[in-house]
Amino acid sequence: MSLIDTTTRTADTSLPLLPVLAERWSPRAFDTEAVIDETKLTAALEAARWSPSANNSQPWRFIVARRGTAAFDTIVANLMGFNQVWAGAAGALVVALAEVVDTEGNERRWATYDVGQAVAHFSVQAHHEGLHTHQMGGFDAEGLRAAFDLDQRFAPVSVTAVGMLGDVDALPAPLRERELAPRTRNALDDLLVVNS
């Protein structure tokens with residue numbers, strides 16, 4: 001089995017970051033035999049629970065499905081493109097939902113932003129716990145809505161694969177190449193519209 005040397009995945013940053021941030025990356029090669037550690041998964045969900053939100057509204061909900069369950073298979077069936085090829089190997093899939101309208105019918109304009117923060121907290125805590133995550137936007141939101149009978153006020157925002165690293169050689173060639181490619185990011189100066 002060929003595992004990626006994770007030390008080569010550490011971000012090359014202009015200044016030192018917390019190791020959990022510099023070392024976090026999004027693999028596609030997951031161990032198909034590893035069972036998700038429930039304590040570690042719960043810790044990641046707890047981190048999401050405690051992330052900040054506008055007016056402490058906590059407009060996030062999660063569908064958590066472990067590999068081998070009907071819910072997991074339903075999520076995989078609603079993934080698009082290459083995501084279907086690799087994500088089924090993860091130990092769990094987590095669908096993040098934004099409550100874009102509250103129970104009184106008021107729009108929650110910041111809900112998707114807040115859900116993004118919750119998923120970020122989830123992924124950092126998962127990495128700290130020794131798990132790996134890969135967030136995806138390539139999925140059929142309406143398919144998930146119908147499959148899980150979601151109220152219209154909840155919008156599927158992302159799907160996150162979570163589990164243990166697996167055999168990179170099990171990936172098809174194009175995905176294996178992406179998995180092994182050097183990590184890159186835009187220069188910090190290119191991201192700052194104003195920095196006065």
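Residues numbered from 1 in each chain as written. Predicted model: local features only at pLDDT ≥ 70, side-chain atom pairs only at ≥ 80, totals over all residues. Heavy atoms only, no water.

Enquirer: I tried to follow the overall build of the chain on my own but got confused; where do I start?
Expert: Across its full length, the chain carries 8 helices and 4 strands. Sequence-ordered secondary structure for the chain, helices as α and strands as β, is α-α-β-α-α-β-α-β-α-β-α-α. For 196 residues, the compact-globule estimate of 2.2 N^0.38 gives 16 Å, and the chain sits close to it at 17 Å. In terms of principal-axis extent, the alpha carbons of the chain reach across some 50 × 50 × 30 Å. Of all 196 residues assigned to the chain, the portion counted as buried reaches 39%. Looking at the chain alone, contacts between residues at least 24 apart form 75% of all its contacts between residues at least 6 apart. Between the averaged position of the 16 positive side-chain charges in the chain and that of its 25 negative side-chain charges there is a distance of 1 Å. (Helix = DSSP H or I, 4+ residues; strand = E, 2+ residues; numbered from the N terminus. Rg over C-alpha atoms; globule rule 2.2 N^0.38 Å. Buried < 20%, exposed > 50% of the residue type's maximum accessible area, 1.4 Å probe, protein only. Contact = heavy atoms within 4.5 Å. Lys, Arg positive; Asp, Glu negative; His and termini not counted. Charge placed at Lys NZ, Arg CZ, Asp CG, Glu CD.)

Enquirer: Would you explain the nonpolar core in this entry?
Expert: Side chains of a nonpolar character, in soluble globular proteins, are inclined to be buried together. Ile 75, Trp 86, Leu 93, Val 95, Met 136, Val 159 and Ala 161 are the most contacted members of the largest nonpolar core, which has 28 residues in total. Elements with a minimum of two residues in this core: strand S1 (60-66), helix H3 (70-77), strand S2 (92-99) and strand S4 (154-163). Of all hydrophobic cores here, the second largest spans 17 residues; its members include Trp 60, Ala 111, Ala 118 and Leu 131. (Core = buried A, V, L, I, M, F, W, Y, C linked by side-chain atoms within 4.5 Å.)

Enquirer: Hey, could you run me through the sheet that holds S2 in this one?
Expert: Strands in a sheet are paired, the pairing made by backbone hydrogen bonds, and the direction either parallel or antiparallel. Here 4 strands make up an open sheet; going across it, the order is S1-S2-S4-S3 and the pairing antiparallel. Each edge of the sheet is formed by a strand with only one pairing partner; in this case those strands are S1 and strand S3 (132-136). With strand direction ignored, the average angle separating the axes of adjacent strands in the sheet is 25°. With 5 bridges joining them, S3 and S4 adopt antiparallel strand pairing. (Pairing = 2+ DSSP bridges. Axes fitted to C-alpha atoms, helices over the stretch in contact; angles between N-to-C directions.)

Enquirer: I tried to follow the pattern of salt bridges on my own but got confused; where do I start?
Expert: Note on pairing: side chains with opposite charge can pair once their charged atoms come close. Overall, the coordinates contain 7 salt bridges when judged by the stated rule. One salt bridge in this structure joins Glu 38 and Arg 66, with 2.7 Å as the shortest N-O distance. Taken as a pair, Glu 38 in helix H2 (residues 38-49) and Arg 66 in strand S1 lie far apart in primary sequence, 28 residues in all. Given a relative accessible area of 37%, Glu 38 falls into the partly exposed group. (Salt bridge = Lys/Arg side-chain N within 4 Å of Asp/Glu carboxyl O.)

Enquirer: Even after reading the chapter, I still don't get the packing of aromatic side chains, so can you show me in this structure?
Expert: Note on aromatic pairs: each is described by the distance of the centres and the angle between the planes. Applying the stated criterion to the full structure yields 1 aromatic pair. A cation over an aromatic ring shows up here: Arg 9 above the ring of Trp 25, its NZ or CZ 4.7 Å from the ring centre. A cation over a ring is seen here: Arg 109 above Trp 110, with NZ or CZ 4.8 Å from the ring centre. (Phe/Tyr/Trp six-rings, centres within 6.5 Å; stacked < 30°, edge-to-face > 60°. Lys NZ or Arg CZ within 6 Å of the ring centre and 35° of its normal.)

Enquirer: How should I be thinking about unusual backbone geometry in this particular structure?
Expert: For residues that are not glycine, phi is negative in most cases, and the peptide bond is trans in most cases. One non-glycine residue with positive phi stands out, namely Gln 58, at about 50°. With respect to the secondary-structure elements, Gln 58 resides in the loop between H2 and S1. Taking relative accessible area as the criterion, Gln 58 reaches 30% and is therefore assigned partly exposed. In this model, Asp 149 sits at a positive phi of 50°, which is unusual for a non-glycine residue. Along the chain, the position of Asp 149 falls in the loop between helix H6 (141-147) and S4. Look at Asp 149 and you get exposed, because its relative accessible area is 69%.

By themselves, these figures tell us nothing about what the structure is for.
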